[in-house]
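What the coordinates show
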Amino acid sequence: MKQRIAFIGGGNMGRSLIGGLIAKGMDPANIVVADPYAPTLQSLQTDYKVRTASNNADAVRDADVVLLAVKPQMLRDVVTSLQEQILSTRPLLISIAAGILAVDIQRWAGGVQVVRCMPNRPALQGCGVTALYANDQVTAANRALSEQILGAVGATLWVQHESDMDTVTAISGSGPAYFFLLIEMLEAAGQSMGLSAEVARKLAVETAYGSGFMARESTDSPATLRQQVTSKGGTTEAALKHLEASNVRAIFSQAVTAAAQRSAQLAKELGSA
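Throughout what follows, the structure given in this document is the object of discussion.

Rules used in this analysis
Residues numbered from 1 in each chain as written. Predicted model: local features only at pLDDT ≥ 70, side-chain atom pairs only at ≥ 80, totals over all residues. Heavy atoms only, no water. Helix = DSSP H or I, 4+ residues; strand = E, 2+ residues; numbered from the N terminus. Buried < 20%, exposed > 50% of the residue type's maximum accessible area, 1.4 Å probe, protein only. Core = buried A, V, L, I, M, F, W, Y, C linked by side-chain atoms within 4.5 Å. Contact = heavy atoms within 4.5 Å. Phe/Tyr/Trp six-rings, centres within 6.5 Å; stacked < 30°, edge-to-face > 60°. Lys NZ or Arg CZ within 6 Å of the ring centre and 35° of its normal. Axes fitted to C-alpha atoms, helices over the stretch in contact; angles between N-to-C directions. Left-handed = near helix turned anticlockwise from the far one by under 90°. Nonpolar A, V, L, I, M, F, W, Y, C, P; charged D, E, K, R; others polar. Patch = residues over 30% accessible without salt bridge, like charges linked within 9 Å, V, L, I, M, F, W, Y side chains within 5 Å. Areas by Shrake-Rupley, 256 points an atom, 1.4 Å probe, with all protein chains shown as cover. Salt bridge = Lys/Arg side-chain N within 4 Å of Asp/Glu carboxyl O.

Looking now at the environment of threonine 207. By the element assignment, threonine 207 lies in helix α10 (residues 197–217). You can call threonine 207 partly exposed: its relative accessible area is 45%. C-alpha of threonine 207 to C-alpha of glycine 271: the two residues are 64 residues apart in sequence and 41 Å apart in space.

What follows is the structure in structure tokens.
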């Protein structure tokens with residue numbers, strides 16, 4: 001990749017993308033990072049040999065791509081403060097800030113091309129999944145470039161409608177927390193039934209890992225995989241009957257819906273100005 005990328009924000013997600021890009025062969029000299037926290041910049045420079053900048057304007061000066069990796073609440077101020085420079089060089093803007101609409105970022109930036117992305121936390125381990133959205137103004141070349149950048153930390157996919165990003169946020173953005181909660185509950189159940197904390201944790205974590213791997217690699221649907229584990233009259237059936245009787249599907253659907261609705265609400269709140 002020959003493009004010069006400016007990262008505005010060098011936190012966990014920015015760091016994971018930088019590490020992924022360099023692991024895939026990108027020249028660190030083509031990456032510059034701006035972050036208000038000096039130890040973050042020092043760490044990135046030491047670990048990855050990237051260039052650093054003390055302010056955002058210096059970072060984006062010669063960038064082909066500006067990757068916005070700041071908190072959603074900060075994004076408007078960051079983009080508007082850079083508008084003059086962005087309009088001068090017209091880089092591609094890639095935002096990984098949750099909940100902020102591409103049209104709002106584009107408005108704050110003065111009309112340049114914007115790709116909105118929703119990575120999830122497993123990207124920190126290089127095994128995330130990122131959904132991307134771009135409107136018709138974004139060129140095919142910039143779509144491909146965005147996919148290449150986010151693909152450095154896991155799988156990628158495109159959604160056709162930006163409203164789908166609220167559902168993406170609820171399923172994959174927030175999704176790791178649901179799985180962590182399940183692991184937490186299995187671990188707690190094991191301990192309450194007499195297992196040591198170490199054994200309960202090992203069983204819960206490795207079972208989650210193995211099940212996810214099976215679901216990823218298998219051509220069978222999750223429903224089919226579940227059925228294959230569930231023997232008639234057996235232990236798994238007893239557990240699943242209890243969950244179904246407790247209306248677990250409806251509860252989970254309501255929870256995911258609540259997350260999607262909150263994503264849409266945040267977009268209105270943070271993008272209204």
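That was the structure; now back to the text.
A separate point is the nonpolar core. Ile8, Val66, Leu68, Leu75, Leu93 and Ile105 are the most contacted members of the largest nonpolar core, which has 31 residues in total. When residues in this core are grouped by element, the largest group, 4 residues, is from helix α6 (residues 102–109). When near neighbours in sequence (up to four residues on either side) are disregarded, isoleucine 8 contacts Ala34, Asn56, Ala59, Val60, Val66, Leu67, Leu68, Ala69, Val70 and Val78. Met26, Ile96, Ala123 and Leu145 belong to the second largest nonpolar core, which has 29 residues in total.

Moving on to the environment of serine 146. With respect to the secondary-structure elements, serine 146 resides in helix α7 (residues 140–150). Through-space distance from the C-alpha of serine 146 to that of valine 65 is 9.1 Å; in sequence the pair is 81 residues apart. Excluding its chain neighbours within four sequence positions, the residues that come into contact with serine 146 are Leu92, Ile94, Val115 and Leu132.

Within this structure, the stated rule accounts for 1 aromatic pair. Ring geometry for tyrosine 178 versus phenylalanine 252: centroids 5.4 Å apart, planes at 80 degrees, classification edge-to-face. Taken together, the residues span a long stretch of sequence, with tyrosine 178 in helix α9 (residues 175–192) and phenylalanine 252 in helix α13 (residues 248–271) at a distance of 74 residues. Phenylalanine 252 sits in the partly exposed class, given a relative accessible area of 45%. A cation over an aromatic ring shows up here: arginine 143 above the ring of tryptophan 158, its NZ or CZ 5.0 Å from the ring centre.

Now for the packing of α9 against α10. Contact pair α9 / α10: the axes reach a minimum separation of 8 Å and the direction vectors enclose 145 degrees. As for how α9 packs across α10, the hand of that crossing is right-handed. On α10, the residues touching Ile183, Leu186, Glu187, Gly190 and Gln191 of α9 are Ala197, Ala200, Arg201, Ala204, Val205 and Ala208. For the contact of α9 with α10, the residue count by class is 7 nonpolar, 2 polar and 2 charged.

Taken together, the side chains of Leu181, Leu182, Met185 and Leu186 make up a nonpolar region of the molecular surface, amounting to roughly 370 Å² of accessible area. Mapped onto the fold, leucine 182 is located in helix α9. Given the relative accessible area of 44%, leucine 182 is considered partly exposed.

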